[in-house]
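Letter by letter, the chains look like this.
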Amino acid sequence: MLRARRIHHVSILVVFSLLFAGCTKWPEKASAWSNATGAEQFERLWWQDVKEKNWDEVERHLASTYVYQTSGMVRDRDATMEHFKKLEITDYALGNVELHPNGDSVVITYTMDLKGVYDGQSLQLSQTRMMSVWQQQKQGWAAIAHADSFSMQ
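Model, not experiment: these values are computed from the prediction. (Residues numbered from 1 in each chain as written. Predicted model: local features only at pLDDT ≥ 70, side-chain atom pairs only at ≥ 80, totals over all residues. Heavy atoms only, no water.)

Asker: Explain the environment of Glu40 here, please?
Answerer: If you trace the backbone, Glu40 turns up in helix H2 (residues 39-52). Spatially, the C-alpha atom of Glu40 lies 9.4 Å from that of Leu94, the residues being 54 residues apart in sequence. In this structure, Glu40 is in contact with Val97, Leu99 and Ile108, ignoring residues within four places of it in sequence. (Helix = DSSP H or I, 4+ residues; strand = E, 2+ residues; numbered from the N terminus. Contact = heavy atoms within 4.5 Å.)

Asker: Any chance you could explain the sheet that holds strand S5 (residues 121-137) here in plain terms?
Answerer: Pairing between sheet strands relies on hydrogen bonds along the backbone, with the strands arranged either parallel or antiparallel. Ordered by their spatial adjacency, six strands build an open sheet running S2-S1-S6-S5-S4-S3, and the pairing between neighbours is mixed. Because the sheet does not close on itself, it has two edges, and the strands there are strand S2 (73-75) and strand S3 (87-102). The sheet shows a mean angle of 20° between the axes of neighbouring strands, taken without regard to direction. Relative to strand S4 (residues 105-118), S3 is paired through 13 bridges, and the arrangement is antiparallel. By the bridge assignment, Glu88 is partnered in S4 with Val117. H2 rests against strand S1 (62-70), S3, S4, S5 and strand S6 (140-148) of the sheet, and its axis sits at about 165° to S3. The sheet contacts of helix H4 (residues 77-85) involve S1, S2, S3 and S4, and relative to S1 the element is tilted by about 60°. (Pairing = 2+ DSSP bridges. Axes fitted to C-alpha atoms, helices over the stretch in contact; angles between N-to-C directions.)

Right under this line is the structure:
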């Protein structure tokens, strides 16, 4: 009888433990610029804004002296904005992320897989090398440079 009661209590404990295993006391914070804490999050949020065409947010996080180099081309901030407005991202993923902090700046290197359309042409990137530099400025963190190894003329 005692053994049956003990098994019953343990069974109830196990059931409740399984039911509440995925619950947390505090809800997970939404991924947003206001609670981002590092260059990897900044980079992911920036690409999400490009995908969602949140151009005000994209531009807000590019320094006035921003430089973008790709396949022998160099673009300033305005040319970069026009360039990315031609991009329709359907899916993307960042991998092999490495952070290299230096004073008020952080260099982030990673690979990117991306599917979409650029200026009416199908686009698919696989394991394309990327590098961005983020810098702490008075108004917050801003990207000051980006380089990649693919061509979207």
